[in-house]
Protein chains: 2
Amino acid sequence: MVTINDIARRAGVSRTTVSRFINESGYVSEKARENISRVIEATGYVPSEQAKSLRLKRTKVIGVVIPKISTETMSRVVNGMDEVLQQEGYQILLASSSLDKEKEIEQLKLLESRRVDGIILVATNREPELLEAVKNLSVPVVAVGQHLPDISSVVYNDYEAAKSLTKEILRAGHTKIGFIGVDEADYSVGVLRKKGFLDALKENGCSVESGWMQTASFSISAGEEAAARLLDQSKTLPTAVLAVTDRLAVGVMQTLRKEGFDLPGEMAVAGMGASDMSAYVTPALTTVDYYYEEAGKVSAGILLKAITGRAKKVEKSQMDYRLLKRDSLR
Amino acid sequence: MVTINDIARRAGVSRTTVSRFINESGYVSEKARENISRVIEATGYVPSEQAKSLRLKRTKVIGVVIPKISTETMSRVVNGMDEVLQQEGYQILLASSSLDKEKEIEQLKLLESRRVDGIILVATNREPELLEAVKNLSVPVVAVGQHLPDISSVVYNDYEAAKSLTKEILRAGHTKIGFIGVDEADYSVGVLRKKGFLDALKENGCSVESGWMQTASFSISAGEEAAARLLDQSKTLPTAVLAVTDRLAVGVMQTLRKEGFDLPGEMAVAGMGASDMSAYVTPALTTVDYYYEEAGKVSAGILLKAITGRAKKVEKSQMDYRLLKRDSLR
DNA sequence: CTGTTAGCGCCTTCAG
DNA sequence: CTGAAGGCGCTAACAG
C-alpha cells in the first residue's frame, strides 16, 4: 500500500507539502502541485483515513446498534440515519445484537473500542445492565425506541398511538376487542401499547375477557398461533382484534380467514407500524404509521449536534404518529 | 480518552507490559497483572482498535456497498453476511449508493481509504466505469448479484429461474403471458430474467403481443401502473402475467383486482424473489426463492477466504433457487 | 512557499 | 519477566 511518504519521495518534496496539497491547506507551488498530482495519479495513492483519524481524534464513523438486521422497521430507521449521516460525511458501522442482551452490550463496547464518533442505539429493553453500559461509554449516544434516563432519545408515542387506535375501533362500534401483545421486556411495544389499549377501553367502560388477550413473539406465524389461542380460549368471541405489530396482525388475519371468518364483517383487525405489506393484504390493514425513517433522521441529527458540541447535554424527542384507516376495520 | 500510557504510568510498569497483559502475549508477573487490571478497571480503559489497526495493518472491518438500505432483499443479504462476519470478529461498514452509479464508485473509494480488510459489492450494473473502479481497488472484493469479470462473485441463477417459472406457467395451461420487467441497466433482473422468460416461450412455440411486455421501476406502484398500461395496450388480453419482482407482482394484482379481474381465475400472476409479503397477499403469490441470506453468507465466506489468503484468486459461485407454487397461479 | 519535528495509541523486536 | 526504541501513516505547529 502506497503511503504519503512514497508520494513525497517520488515527487521530490516533503510529506508535509503532500499533505497540504491533499487537504488544500496552505500554499503549494504550481510546480510542486504538478509533480504531486502526477505521482498520485500514477500510483493510485489513497490517503489513509485511518491514520488521519488517529491523528485527528475523530473517525467520521457512527456506530449503529440494532436488534436485528432483517426487519423492515430497522432498515427504514437505518435508511433515515444514513441519509443525514452521509450528507455530513459520516459512515455507519453496523452492529446487530440479534436480540441478545449481552451481545448488545458487547457491541457497544466494540464500537467504543473502534473510536466511533458517536453511537445510535436502537434499544428494545431498559435493563439496568444496558443503562450501566451506556453510561460508561465515552462517546455521545442517542437511544431510539426506548426512553433511557439521562440519555438523549427519540421515542415513538406508543401509548397515545395505541390508545387512539383503540378509540378508533370503539368508534367503529366495537365493544368486545381482542388484543395480541408481546413480551413486556420490550417496554415500548410490550408495556406502553398494551396500556394505551387498556386505558382506552377503561375510559369507554369496556372490559376484556381473559382469553381475549394473548402474547406472541414478533413473527407472522406467532400472530397466527396467538389468534388460534384467542379463538380457542374465548367464551364469547370479540368482534375486533388489535395486534401490536402489522406482522402479528397479518398472522391474525391469516388464521381468521382459515377459520372461515368474513373480514372485516365478522371480525375487524388492526395492526401497528404501517409496514409495506399492510396496504396490500386483503382486506387492507388499518394501522398506525410511526414515521420510522424520520425517527432515523432525527436521531442522527441529535447525535451530530452532540458531536459538534452545539447541543443540550440530553435531548428528548417524541415522534409523531398517524392513523391509517383502511378496510380491515369497519 | 485514557490510553495505554496512562495505564502504564498509573500501574507503575511500561506500556509494553500493559500490552502483553491485554493481549496475553508473553509473561507478566502476578503483581504486575494485579496492578494493571486494577487500574484498567478504575479508569474504564478501552484499547483503541484504531491505533491497533494502524500498527497491525488490518482493521477487522468489511465494507459493504448496497444500492439501497431499505429493501427487503438487501436486509436479508446483509443479515446473512453479518452472521458469518460477526462470527470471525469482523464488523460491517455500510455504504449505500442510493442507486447512483457515481456514488457507488465513490463509496468504493471511501471504503478503501478507510482501509477496510475487504469489500462486498452488491452490484446492480456492470458499467465499465464500475469495473474499472473495482479493479483499481487494493483490497479483496467480491461482487453479489452480478457476474463481474475477473472478480469473485456470487450470482443468482436469474436466467434459469425465470425460465422454469415461465415453464410452470405454461404447464398450468397458459399460452398468452404478459411480462413486467425492469430497465436493462440491471443486467441480472432486467436482461437475464427477461431472456429466461422469452426463451421458455420460444421453446414452447408461444409468442407475445407487444403490449404484453411492460417495463417498470422497482416499486409496488410501478407495478400497478405497468399493469394498467398492459391492459390498455393489449389487443387481446393475456391470461397470466409474470413480474420480475414480487413487489411488481403485488402491484399488478392490485391493479387487476381494481379492474374487477378474478384472481387467479381470469388472470394468473407470478413474481420473483420470495418476499415476505408474497405468502400473505390474496391470492398467495407464486414466486421463486433466491435464498438471499445464503447468498450473503456465501459472499462473506469467499471474502474471508480471500483475506486470509487461502483461496483461489477468483471464485465464482452460483446460488440455487426454488419454485414456490402458490394460489396466484392455476 | 517548504521542510523539520513531534506526536496520535499501539505492537514488536531486541536487549537486558 | 520487563523496558527502551522504533515505526504504522498522517497532520500541525514552528521555523525558516
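Residues numbered from 1 in each chain as written. Chains lettered and ligands numbered in written order. Predicted model: local features only at pLDDT ≥ 70, side-chain atom pairs only at ≥ 80, totals over all residues. Heavy atoms only, no water.

Caption draft 1: Just the nonpolar core, in detail. Judged by nonpolar contacts, the single largest core of 142 residues is most densely connected at Met81 of chain A together with Met81 of chain B. Ranked by size, the runner-up nonpolar core spans 42 residues in total, among them Val116 of chain A together with Leu93, Ala95 and Leu108 of chain B. (Core = buried A, V, L, I, M, F, W, Y, C linked by side-chain atoms within 4.5 Å. Buried < 20%, exposed > 50% of the residue type's maximum accessible area, 1.4 Å probe, protein only.)

Caption draft 2: Representation of the protein's contact with DNA strand C. Taken together, 26 residues surround DNA strand C, and among them Thr16 and Ser29 of chain A together with Ile4, Tyr45 and Arg55 of chain B come closest. Within the backbone of Ser14 of chain A, a nitrogen or oxygen atom sits 2.9 Å from a phosphate oxygen of DNA strand C. Side-chain polar atom of Arg15 of chain B to a base nitrogen of DNA strand C: 3.2 Å apart, as the coordinates give it. Those elements that provide at least two residues to the surface near DNA strand C are α2 (15–23) and α4 (49–56) of chain A together with α2 (15–23) and α4 (49–56) of chain B. Of the residues contributing to the surface near DNA strand C, the split by class is ten nonpolar, nine polar and seven charged. (Near = heavy atom within 4 Å. Polar contact = N/O pair within 3.5 Å; in protein donor to acceptor, adjacent residues only side chain to side chain. Helix = DSSP H or I, 4+ residues; strand = E, 2+ residues; numbered from the N terminus. Nonpolar A, V, L, I, M, F, W, Y, C, P; charged D, E, K, R; others polar.)

Caption draft 3: Molecular detail of the interface of chain A and chain B. Tallying the contact residues gives 51 residues for chain A and 51 residues for chain B. Of the roughly 4400 Å² buried between chain A and chain B on both sides combined, carbon and sulfur atoms contribute 52%. Interface area lost by chain A to chain B is led by Gln50, Gln91 and Tyr280 of chain A, which between them contribute 18%. Along the contact surface separating chain A from chain B lie two salt bridges. The salt bridge partner of Arg247 of chain A is Asp276 of chain B, with a shortest N-O separation of 2.4 Å. Linking chain A to chain B there are 22 residue pairs in polar contact (both at pLDDT 80 or more). (Contact = heavy atoms within 4.5 Å. Buried area = accessible area lost by both parts, 1.4 Å probe. Salt bridge = Lys/Arg side-chain N within 4 Å of Asp/Glu carboxyl O.)

Caption draft 4: Expanded view of the relation of the copies chain A and chain B. Taken as rigid bodies, chain A and chain B are interconverted by a rotation of 180° and an axial shift of 0.1 Å, the fit giving an RMSD of 0.1 Å. The superposition operator between the copies reduces to a two-fold rotation axis. When the interface residues of chain A are mapped onto chain B, 100% of them again fall at the interface, so both copies present the same face. (Least-squares fit on C-alpha atoms with pLDDT ≥ 70 in both.)

Caption draft 5: Representation of the protein's contact with DNA strand D. Near DNA strand D there are 26 residues, and of these Ile4, Tyr45 and Arg55 of chain A together with Thr17 and Ser29 of chain B occur at the shortest range. When atoms of DNA strand D within 4 Å of the protein are split into backbone and base, the sugar-phosphate part holds 59%. One of the side-chain N or O atoms of Thr16 of chain B is found 3.1 Å from a base nitrogen in DNA strand D. Looking at the surface near DNA strand D, the elements with two or more residues in it are α2 and α4 of chain A together with α2 and α4 of chain B. Here the surface near DNA strand D is built from residues that sort into ten nonpolar, nine polar and seven charged.

Caption draft 6: Up close: the environment of Gly190 of chain B. Residue and element names in this part refer to chain B. With respect to the helices, strands and loops of the structure, Gly190 is situated in helix α9 (residues 187–203). Among the residues examined, Gly190 registers a relative accessible area of 2% and is labelled buried. With 66 residues separating them along the chain, Gly190 and Thr124 place their C-alpha atoms 9.7 Å apart. Non-local contacts of Gly190, meaning those with residues more than four positions away in its chain, are made with Val182, Asp183 and Glu184.

Caption draft 7: Examining the packing of aromatic side chains more closely. Taken as a whole and assessed by the stated rule, the structure comprises eight aromatic pairs over all chains. For the ring pair Tyr156 of chain B and Tyr292 of chain B, a centre distance of 5.2 Å and an interplane angle of 80° mean the geometry is edge-to-face. With Tyr156 of chain B in the loop between β5 (152–155) and α8 (158–171) and Tyr292 of chain B in helix α12 (residues 292–307), this residue pair connects regions lying 136 residues apart in the sequence. On the accessibility criterion, Tyr156 of chain B (10% relative accessible area) is buried. Taking 4.6 Å as the distance between ring centres and 25° as the angle between the ring planes, the aromatic pair formed by Phe179 of chain B and Phe197 of chain B counts as stacked. Here Phe197 of chain B lies in helix α9 and Phe179 of chain B lies in strand β6 (residues 177–182), a separation of 18 residues in the sequence. Each member of the pair, Phe179 of chain B as well as Phe197 of chain B, carries the same accessibility label: buried. Cluster of aromatic residues (ring-pair linked, three or more members): Tyr156, Tyr290 and Tyr292 of chain A. The ring of Tyr187 of chain A carries Arg126 of chain A above its face, with NZ or CZ at 4.2 Å from the centroid. (Phe/Tyr/Trp six-rings, centres within 6.5 Å; stacked < 30°, edge-to-face > 60°. Lys NZ or Arg CZ within 6 Å of the ring centre and 35° of its normal.)

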